[in-house]
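# Descriptive structure summary
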Amino acid sequence: MGSISSGQRLLNTRNPFPRTIFLTVFCTIFFFFTLHHTSRHQSRVLQDVRPQNQVQVANINGSIVPNCFINATHLQSLQQRYGLEDQIEYARRYIRFHRKPVDRKSISKVDEPLFPEEFDSISIRDLPQSTTCMIPFDVPVPMSPYPQTADASDFLFGVSTTFGRLHDPKTSPFKEWAHWLTDGYGNSNGGGLILRLVDASREEIKQTKKTLSSMGIDVKVYHSDSSVEMAQRYLSLLPALYNDSSHKQRRWLVMCDDDTFFPSMHAVVKQLAKYDHETDLYIGTLSEDINNVQRHGSQAFGGAGVFFSISLAGQIANLYSKCSTKEKVDEANSGWGPQGDILLRKCIYENTDIRLTLLRDLYQLDIIGDASGFYEAGLKPLSLHHFKGGMWHSANPLQGAQISHACGEDCFLQRFQSNDDFIISNGYSIAYYPRGIDFNTNQLEKTFSPAPDDFGWNFDLMLGPQRKNLLETGRKVSWELKDSITHPDGVVQQSYLRRHDDWRWVDERGEKLFDVDGVLELFWVSA
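Let me sum up the structure you'll find in this document. (Residues numbered from 1 in each chain as written. Predicted model: local features only at pLDDT ≥ 70, side-chain atom pairs only at ≥ 80, totals over all residues. Heavy atoms only, no water.)

## Description of the packing of helix H7 (residues 230-242) against helix H12 (residues 340-351)
Packed helices, taken two at a time, are described by the angle between their axes plus the distance between the axes. Note the cut-off: For helices, the axis comes from a line fit to the C-alpha atoms of the stretch in contact; other axes are also lines fit to C-alpha atoms, and the angle between any two N-to-C directions lies between 0 and 180 degrees. Helix numbering and strand numbering both begin at the N terminus, where a helix is a DSSP run of H or I of at least 4 residues and a strand a DSSP run of E of at least 2. Comment on the angle field: the value is read as roughly parallel under 35 degrees, roughly antiparallel over 145, roughly perpendicular from 65 to 115, and oblique elsewhere. In a left-handed crossing the near helix is turned counterclockwise from the far helix by less than a right angle, and in a right-handed crossing that turn is clockwise. Only heavy atoms enter the contact rule, under which two residues are in contact if any of them lie within 4.5 Å. Throughout, the ten residues Ala, Val, Leu, Ile, Met, Phe, Trp, Tyr, Cys and Pro are labelled nonpolar, Asp, Glu, Lys and Arg are labelled charged, and all others, Gly among them, are labelled polar.
Where H7 contacts H12, the two axes come as close as 8 Å, and the packing angle between them is 50°. The angle between H7 and H12 places the two elements in the oblique class. The crossing of H7 and H12 is right-handed. Contacts between H7 and H12 pair Ala-231, Gln-232, Tyr-234, Leu-235 and Leu-238 from the former with Gly-340, Asp-341, Leu-343 and Leu-344 from the latter. Classifying every residue of the contact of H7 with H12 gives six nonpolar, two polar and one charged.

Quick look at the structure:
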């Protein structure tokens, strides 16, 4: 196992002799204990039954009865997709959420253990019928709205990309777009999309429109010419939005990238409603990396989303010819080629008195490496970006945001800390701290890096000073979300995976904490 002591019972399921002694002593103590606490423990035992034939969860006389049946097909699918070995450590817990009229907390402490039992050691090839059952773990959540009720009709979005990126499984944004442009049931939520495809053929344009329309996305698809400089193509997207016939019914025109994700459209609507849309407004955020601000300038970084009031967009549309000359395009070259964000900022700053209105809850996410420190910070981001891998980080916020359909949009990335040193970052990870949680949970863990230069304080302006990371220390291990299923009865099932050979989960001497892979599953049910 490595350096974690035998006292850390959750992390050692391989040696049967100590477990036999432990269980014998435990059962003896438990027997005499129950003689004096009959009524209290009878109630717990009745809730710990293991039904075999329920589809998801039963509600008997107002009490949740967990379903402990193991779905072999599901685990085998996880094994195939993520390369799990046959022998794994497995546990599940039902999370019973209570929707209350309270504000969202970054972290909520629950005075109960999340996993008081040892993990089950099972073989995916020869699965048992059921797993260890425990009574539900109760958590409070705000009474936030559900995705299907969002009204995004005030917004018209613009994106420029290629047909290849749209249809590459590694980069395709179709499902992410459906999350924030539809009600989740194949109907538009009122938001519109202007999509420009670089060098696309008529057939590709037709196919793309058909695909997106079939998903319920209100979209118009146009051709874009690669012979036009990228920065100029980017700037021209704003006039295209303004010239769309629907702009008179909108309040905001939004430029973003194909890998921009808005987890909660209700939150976007609510935040933008704080601004006077009838005034000239240019709203966005800076890069988190001060390197990029120094290199490219102080302007809205487009991947996080840039919001324009209609009146300002009209002015820029009229200025497009003046702002897109070869001279202006050359001036937008920061040494990394002409930049569309720079060209846009120069057009606004050189021709109007309008300056950027900073909206910090938008995130460009110019970070590389392990992004867990960001996603485990309890933030409520309005936007996420650069999560498709490549030179940037890899994450799957779409899977994580599925929890919004169960307990509301504020649940995504909300944290819950148990008294046995687990922290659930809902929709991203379940982290365990074997030596206790003795650090400031209000600070981001610096698991990620800037590129190319790391001065040690690159992210401090936008993210605040970060605490030292716990990777390769033996003080932390994390199971990360890989699969999320919303069942017909409204239960959301989350599957969090940990690999035994993950370079992060070793102690100070480099010894592995685990010899087998692990799967933890949470089933979210309403109280």
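Once the structure has been displayed, the description carries forward.
## Overview of helix H5 (residues 174-181)
Short version of the rule: Exposure classes here rest on a 1.4 Å probe applied to the protein chains alone. A residue is buried below 20% of its type maximum, exposed above 50%, and partly exposed in between.
Along H5, seven of the eight residues are buried, which leaves the element largely enclosed by surrounding structure. Looking at H5, one finds that the buried residues are Phe-174, Glu-176, Trp-177, Ala-178, His-179, Trp-180 and Leu-181. In this structure, the buried residues of H5 make contact with strand S7 (155-161), helix H4 (163-167), strand S8 (192-198), helix H6 (202-214), helix H8 (265-272) and helix H14 (397-401).

## Looking at the pairing of strand S12 (residues 306-309)
Let me state the cut-off plainly: Paired strands, in this sense, are two strands between which DSSP finds at least two bridges.
Because side chains alternate across S12, one face comprises the buried residues Val-306 and Phe-308, and the other comprises Phe-307 and Ser-309, equally buried. Note that strand S10 (residues 252-255) and S12 share four bridges and pair antiparallel. Each bridged residue has a counterpart across the sheet, and for Val-254 the counterpart in S12 is Phe-307. Relative to S12, strand S11 (residues 282-284) is paired through two bridges, and the arrangement is antiparallel. Bridging across to S12, Ile-283 finds its partner in Phe-307.

## Observations concerning the pairing of S7
Each regular strand shows side chains that alternate between the opposite faces of the sheet. Most of S7 sits inside the fold, with six of its seven residues counted as buried. The sheet contact formed by S7 and S10 spans four bridges and is parallel. The residue bridging Leu-156 from the neighbouring strand is Leu-253, located in S10.

## Topic: the state of the cysteines
Convention followed: Note on terminology: pairs of cysteine sulfur atoms within 2.5 Å are recorded as disulfides.
Per the stated rule, a full pass over the model turns up three disulfides. A sulfur-sulfur distance of 2.1 Å marks the disulfide that ties Cys-323 to Cys-347. Looking along the S-S bond of the Cys-323-Cys-347 disulfide, the torsion reads about 75°, which is the right-handed sense. Residue Cys-323 is found in helix H10 (residues 310-323), and its partner Cys-347 is found in helix H12; the two are separated by 24 residues along the sequence. There is no split in this pair, since Cys-323 and Cys-347 are both buried.

## Considerations on unusual backbone geometry
Trans peptide bonds make up most of the peptide bonds, and negative phi angles are found at most residues other than glycine. Note the cis peptide between Ala-451 and Pro-452, where omega equals 0°. For Leu-365, which is not glycine, the phi torsion reads 55° and is therefore positive. Mapped onto the elements, Leu-365 comes out in the loop between strand S13 (357-358) and strand S14 (368-369). In this structure Leu-365 comes out as buried when scored by relative accessible area, which is 1%.

## Focus: the nonpolar core
One recurring pattern in soluble globular proteins: nonpolar side chains tend to sit buried together. Note the cut-off: Buried Ala, Val, Leu, Ile, Met, Phe, Trp, Tyr and Cys residues that are joined via side-chain atoms within 4.5 Å together make up what is termed a nonpolar core.
With 87 residues, the main nonpolar core has Phe-157, Trp-177, Leu-195, Tyr-375 and Trp-524 as its most contacted residues. For Leu-195, the residues in contact, after removing those within four places along its chain, are Val-159, Thr-161, Leu-166, Trp-177, Thr-208, Leu-212, Val-219, Lys-220, Val-221 and Tyr-222. Of all hydrophobic cores here, the second largest spans 34 residues; its members include Leu-156, Leu-241, Leu-253 and Ile-354.

## A look at the packing of aromatic side chains
Each pair of aromatic rings is reported with the distance of its centres and the angle of its planes. Selection rule: Only the six-membered ring of Trp is used, alongside the rings of Phe and Tyr, when aromatic pairs are assigned; centres must lie within 6.5 Å, and planes under 30 degrees apart are stacked while those over 60 apart are edge-to-face, with the rest tilted.
A complete count under the given rule lists 24 aromatic pairs for this structure. Relative to Phe-422, the ring of Phe-115 has its centre 5.3 Å away and its plane inclined at 70°; by these criteria the two rings are edge-to-face. With Phe-115 in the loop between strand S4 (107-110) and strand S5 (120-123) and Phe-422 in strand S16 (residues 422-425), this pair connects stretches of sequence that are 307 residues apart. The same class applies to Phe-115 and to Phe-422, which are both buried. Their ring planes at 40° and their centres at 6.4 Å tell us that Phe-422 and Trp-479 sit as a pair that is tilted. Taken as a pair, Phe-422 in strand S16 and Trp-479 in strand S19 (residues 477-486) lie far apart in primary sequence, 57 residues in all.

## Observations regarding the sheet that holds S7
Spatially, the seven strands line up as an open sheet ordered S9-S8-S7-S10-S12-S11-S13, and their pairing is mixed. Every interior strand has two partners, whereas the edge strands, strand S9 (218-224) and S13, have only one. The pairing of S8 with S9 spans seven bridges and is classified as parallel. In the strand pairing of S9, Gly-192 is matched with Asp-218. Relative to the sheet, H7 contacts S7, S8, S9, S10 and S12, its axis offset from that of S10 by approximately 155°. Contacting S10, S11 and S12, H10 crosses the sheet at an angle of about 95° to S12.

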